[in-house]
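Descriptive structure summary
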There are 2 protein chains.
Amino acid sequence: MPTIKEVALLAGVSTATVSRAMMNPQQVAEKTRRKVEAAIAEVGYSPNAIARNLRTSESKTIVVIIPDIENMFFAKIVRGIQTIAQQQGYKVLLGDTVHNATLANDYLELVRSKQADGVISLTAELPKVLQHGTSMPMVMACEYFPDFPIPTVRIDNQAAAYQAVKYLLELGHKQIAYISGPLDNPICIARSAGYRQAMQEAGYSINELAKEEGDFSFHSGHAAFERLHRQYKMSALFCFNDMMALGAMRSAISLGLKVPDDLSIVGMDDLLFSQYTDPQLTTIMQPQTLIGETAMQILIKILNAKTVHQDNVLQTQLLVRSSSRRYQKL
Amino acid sequence: MPTIKEVALLAGVSTATVSRAMMNPQQVAEKTRRKVEAAIAEVGYSPNAIARNLRTSESKTIVVIIPDIENMFFAKIVRGIQTIAQQQGYKVLLGDTVHNATLANDYLELVRSKQADGVISLTAELPKVLQHGTSMPMVMACEYFPDFPIPTVRIDNQAAAYQAVKYLLELGHKQIAYISGPLDNPICIARSAGYRQAMQEAGYSINELAKEEGDFSFHSGHAAFERLHRQYKMSALFCFNDMMALGAMRSAISLGLKVPDDLSIVGMDDLLFSQYTDPQLTTIMQPQTLIGETAMQILIKILNAKTVHQDNVLQTQLLVRSSSRRYQKL
DNA sequence: GTGAAAGCGCTAACAG
DNA sequence: CTGTTAGCGCTTTCAC
């Protein structure tokens, strides 16, 4: 790999001039600049970013921590992040934690060690790893932690779940079950609260058997429904995300149930495929692209000025499709 | 951020000793090491990887370049890569190029600048960017370039397409159309050849109207089918990947066609959702996890010993499901 | 407008 | 076993 020194030699200038020609072109004479550019092209020089970062303590790179790259929900969010990042000259690196806190920590390491300037976390694995109260430019998207004072962009999880369950109640359903994500996850706690709020408002008691736990994956939704089906007689099901809803729907169908005739299903997220399955999935849509864009905008503000915007709450929307219908006696 | 100097000062040793205590603990006296470790903990020191990499030219990190994070096909491959990487102590960073050669180049930059040791490319954007014949530890997965002597892990694209089309021919179909990815993409050229081979063997001529181009995305498959439907009367359709096949299937259905009664569809990849759509998608399965694992294993060998394993070809398999059926006169 | 020189934080000889 | 020294490749004062 050619270095700046070789370019300088060939162009007959000092390394400082070569550096300036790249960083502040207007500071260097037209003629000199052209010589430098020619030399750069000739040797095929490309600056060593790592040396540059070491010097400037800035990498113009951010890292996005994703819990599960197989969950399509995150793809659109990443795209939103990338759009803004690119506009502002930031590169984005993705880290998939496979729901593993140690890996999440490795990615945080990139920021500590100056390989990246900041991080957007889409995962809930972080607090286990943030005991040191380590402070770094960071924004949390989707997930959130009441105890950690980290700028967050998210939806109102309790209200969203409330809306989903309320919708099912209005259709006349009484036996409404739900499949949650990990029970200790704050967004799941909030969504559970939304479920309870809606049920209690309608005057129904909460049946512990009406709940099963998954991990947000398709397969966990499939498995959770099988357990649920054995233990609780329901006419409607609310799943905490679409991947699980889709898994549960498949499970229901293969158990011989008709959706929505025997079972209404409502999910949450609105994935690309949610509208193309059979039946199409009714769901609470999350503005995925906007979540990503907002998160990146906040991170850039933090990087520039240390301004902290706490807790941005974005709007969701109920999308009624064909996986849900009015309750009918069987 | 505390530096090694502060640790050294606090521990009452030189920076070299601190460094050794971290890199080669056995080289430093038990007692000294303990002092150093205590100092590290006290100031909350964490080494600046960027300075370290600048010095050692090694990062124990590899980068995976992905053309489109929204295409689920890549998720499983990435998981395969991660499994092996983790076993061998490598971190993996993901870079989504959004089909953009400039971004692809940025990620290559990570290797040139020693922020990563090697790269696995799942994208076809590279050659445009590799004019300089730049050599770096790299393996190509899925895509390949006949002209570039880069270790590759892939399937036999022509044979796979041949198998798909042959299958449709055996079902009695004669009017078989196909939706390709970008026409200048080598794997698409190979798959087109497989299509032609099968058609010609069966004694059918090639109709230029029986072909449309997409970009491997769901939406492009949807749009391509609409064009195809206007210009060519077909009883069967082969799509170069499942995302497009799923898009085409939706398009067909919304145009009032029955799948498979009016139109048989065969895809390629075998995504998680391919078996859960209605109808379930017949497809040529690619061993995604294995592709990822193999690619990473090869990269590690290159990193260790410069051994080059050219062109590993993995097996595919036709999965017959319900989106295809025997031809019937209408 | 340009060059000389210092140094970002770290590791790796080389001495001792 | 440990300290001293010399850079890795780059940017950035500070002079000229």
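Per chain, residue numbering runs from 1 following the sequence as it is written. To label them, take the chains in the order written and letter them from A, then take the ligands in the order written and number them from 1. Whole-chain, interface and lining totals are the exception, using all residues; otherwise, since this is a predicted model, local features are given only for residues with pLDDT of at least 70 and side-chain atom pairs are given and counted only at 80 or more. As a convention, hydrogens and water are excluded, and side-chain values are obtained from all of the structure's heavy atoms.

The name given to chain A in an unreviewed UniProt entry is LacI family transcriptional regulator, with the source organism recorded as Alginatibacterium sediminis.

What follows concerns the overall build of chain A. Strands are runs of DSSP state E lasting at least 2 residues, helices are runs of H or I lasting at least 4, and numbering of each runs from the N terminus. Tallying secondary structure elements over chain A gives 11 helices and 12 strands in all. Between the two quantities, the radius of gyration covers C-alpha atoms and the globule rule is 2.2 Å times the number of residues to the power 0.38. Computed over C-alpha atoms, the radius of gyration of chain A comes to 25 Å, more than 25% over the 20 Å expected from 2.2 N^0.38 for 330 residues, which places it beyond the range of a compact globule. Seen along its three principal axes, the alpha-carbon backbone of chain A occupies a region of about 90 × 40 × 30 Å. Relative to its full complement of 330 residues, chain A shows a buried share of 56%. When the accessible area of chain A is evaluated, it comes to approximately 13,900 Å², of which 50% is carbon and sulfur surface. Buried means the residue's accessible area, taken with a 1.4 Å probe over protein chains only, is under 20% of the maximum for its type, while exposed means over 50%, and partly exposed covers the values in between. For the accessible areas, the method is Shrake-Rupley and the probe is 1.4 Å, while residue cover comes only from the protein chains on display.

What follows is about the environment of A:Asp147. Among the structural elements, A:Asp147 can be located in the loop between β4 (138-141) and β5 (152-155). The spacing of A:Asp147 and A:Ser323 is 176 residues in sequence and 37 Å in space, taken between C-alpha atoms.

As a further point, take the protein's contact with DNA strand D. Close to DNA strand D lie 26 residues, the nearest being A:Ile4, A:Tyr45, A:Arg52, A:Arg55 and B:Thr32. Consider each residue's heavy atoms; a residue with any of them within 4 Å of a molecule or strand counts as near. Counting only the atoms of DNA strand D that lie within 4 Å of the protein, the sugar and phosphate share comes to 59%. We call two N or O atoms a polar contact when they sit within 3.5 Å, provided that within protein one can donate a hydrogen and the other can accept it, with sequence-adjacent residues counted only if both atoms are side-chain atoms. Here a phosphate oxygen of DNA strand D sits 3.0 Å away from a polar atom, N or O, in the main chain of B:Ser14. Breaking the surface near DNA strand D down by element, the ones donating at least two residues are α2 (15-23) and α4 (49-56) of chain A together with α2 (15-23) and α4 (49-56) of chain B. Throughout this entry, Asp, Glu, Lys and Arg are counted as charged residues, while Ala, Val, Leu, Ile, Met, Phe, Trp, Tyr, Cys and Pro are counted as nonpolar. The remaining residues, Gly among them, count as polar. Of the residues belonging to the surface near DNA strand D, the class tally is 12 nonpolar, nine polar and five charged.

Here we take up the relation of the copies chain B and chain A. All copies are superposed by least squares; the fitting set is the C-alpha atoms of residues with a pLDDT of at least 70 in both. Taken as rigid bodies, chain B and chain A are interconverted by a rotation of 178° and an axial shift of 0.5 Å, the fit giving an RMSD of 0.8 Å. The superposition operator between the copies reduces to a two-fold rotation axis. Relative to the rotation axis, the C-alpha of B:Leu94 is the closest in chain B, positioned 2.3 Å from it.

Right, let's get into the sheet that holds strand β6 (residues 176-180) of chain B. All names here are of chain B. Pairing in this open sheet of six strands is mixed, and the strands run β7-β6-β8-β9-β10-β12 from one edge to the other. Looking along the sheet, the strands with just one partner apiece sit at the ends: β7 (211-213) and β12 (317-319). Here the strands of the sheet are splayed against their neighbours by 20° on average, with no regard to which way each runs. Should DSSP find at least two bridges between two strands, the strands are regarded as paired. Pairing between strand β9 (residues 264-269) and strand β10 (residues 282-285): four bridges, direction parallel. The residue bridging Asp-269 from the neighbouring strand is Met-285, located in β10. Each axis is a line fitted through C-alpha atoms, and for a helix only the stretch in contact is used; angles between axes span 0 to 180 degrees, taken between their N-to-C directions.

Take the nonpolar core next. Across soluble globular proteins, nonpolar side chains show a tendency to be buried alongside one another. Judged by nonpolar contacts, the single largest core of 165 residues is most densely connected at A:Val64, A:Ile120, A:Leu237, A:Phe238, B:Ile120, B:Leu237 and B:Phe238. Residues are treated as being in contact if the distance between any of their heavy atoms lies within 4.5 Å. Not counting chain neighbours up to four residues away, the residues in contact with A:Val64 comprise A:Val78, A:Ile81, A:Val92, A:Leu93, A:Leu94, A:Gly95, A:Ile120 and A:Leu122. Listed in part, the 36 residues of the second largest apolar core include A:Val111, A:Phe145, B:Val63 and B:Leu126. In this description, a nonpolar core means a group of buried Ala, Val, Leu, Ile, Met, Phe, Trp, Tyr and Cys residues linked to one another through side-chain atoms lying within 4.5 Å.

Take the interface of chain B and chain A next. Taken together, the contact between chain B and chain A spans 46 residues of the former and 47 residues of the latter. Once two parts are joined, some of their accessible surface, as seen by a 1.4 Å probe, is lost; buried area is that loss totalled over both. Interface area for chain B against chain A, summed over the two sides, is near 4,600 Å², with a carbon-plus-sulfur share of 65%. Looking only at chain B, the three residues that lose the most surface to chain A are B:Ile50, B:Arg79 and B:Tyr276, adding up to 15% of its buried area. Salt bridges are defined by distance alone: a side-chain nitrogen of Lys or Arg within 4 Å of a carboxyl oxygen of Asp or Glu. The tally of links between chain B and chain A comes to eight salt bridges. For B:Arg79, the salt bridge is made with A:Glu70, and the minimal N-O distance between the two is 3.2 Å. Across the contact surface, chain B and chain A share 17 residue pairs in polar contact (both at pLDDT 80 or more). If you list the elements that add at least two residues to the side of chain B that touches chain A, you get α4, α5 (73-87), β2 (91-96), α6 (101-112), α9 (218-231) and α10 (242-254) of chain B. A class-by-class count of the residues in the side of chain B that touches chain A yields 24 nonpolar, 10 polar and 12 charged.

What follows is about the sheet that holds strand β7 (residues 211-213) of chain A. All names here are of chain A. Taken in spatial order, the six strands of this open sheet run β7-β6-β8-β9-β10-β12, and their pairing is mixed. Because the sheet does not close on itself, it has two edges, and the strands there are β7 and β12 (317-319). Averaged over all pairs of adjacent strands, the angle between their axes in this sheet comes to 20°, without regard to strand direction. In this structure, strand β6 (residues 176-180) lies alongside β7, joined through three bridges in parallel fashion. When the bridges of β7 are listed, Tyr-178 appears paired with Lys-211. Packed onto the sheet, helix α9 (residues 218-231) meets β6, β7 and β8 (236-239) and runs at close to 150° relative to β7.

On to the domain arrangement of chain A, then. Buried accessible area, meaning the area lost when the parts come together, often serves as the stated size of an interface. Taken domain by domain, chain A holds domain 1 (4-56), domain 2 (61-155 + 288-314) and domain 3 (157-286). Each domain span listed reflects an automatic or database assignment of domains. Measuring from the centre of the C-alpha atoms in domain 1 of chain A to the corresponding centre in domain 2 of chain A gives 34 Å.

The next subject is the pairing of strand β3 (residues 118-121) of chain B. All names here are of chain B. The two faces of β3 match: Gly-118 and Ile-120 on one face and Val-119 and Ser-121 on the other face are all buried. In terms of strand pairing, strand β1 (residues 61-66) meets β3 through four bridges, oriented parallel. Pairing of Val-64 across the sheet is with Ile-120, part of β3. Looking at chain direction, β3 and strand β4 (residues 138-141) are connected through three bridges and run parallel. Within the sheet, the bridge partner assigned to Val-119 lies in β4 and is Met-138.

Time to look at the packing of aromatic side chains. Two rings from Phe, Tyr or Trp (for Trp, the six-membered ring) form a pair when their centres are within 6.5 Å of each other. A pair whose planes differ by under 30 degrees is stacked, one over 60 is edge-to-face, and the rest are tilted. Applying the stated criterion across every chain, the model contains 13 aromatic pairs over all chains. Each ring, one from B:Phe73 and one from B:Phe74, has its centre 5.3 Å from the other, and the planes form 65°; the classification is edge-to-face. For B:Phe74, a relative accessible area of 8% gives the class buried. Where B:Tyr178 meets B:Tyr195, the ring centres are 4.3 Å apart and the plane angle is 45°; that geometry is what we call tilted. Within this pair, whereas B:Tyr178 is found in strand β6, its partner B:Tyr195 is found in helix α8 (residues 186-201), the two being separated by 17 residues in sequence. On the basis of relative accessible area, B:Tyr178 is assigned to the buried category, the value being 5%. Every member of this aromatic cluster is reached through a ring pair, and the members are A:Phe218, A:Phe273, A:Tyr276, B:Phe218, B:Phe273 and B:Tyr276. Positioned above the aromatic ring of A:Tyr144 is the side chain of A:Arg154, whose terminal nitrogen or guanidinium carbon lies 4.5 Å from the ring centre. Remark: a charge is flagged as sitting over a ring if the NZ atom of Lys or the CZ atom of Arg is within 6 Å of the ring centre and within 35 degrees of the ring normal.

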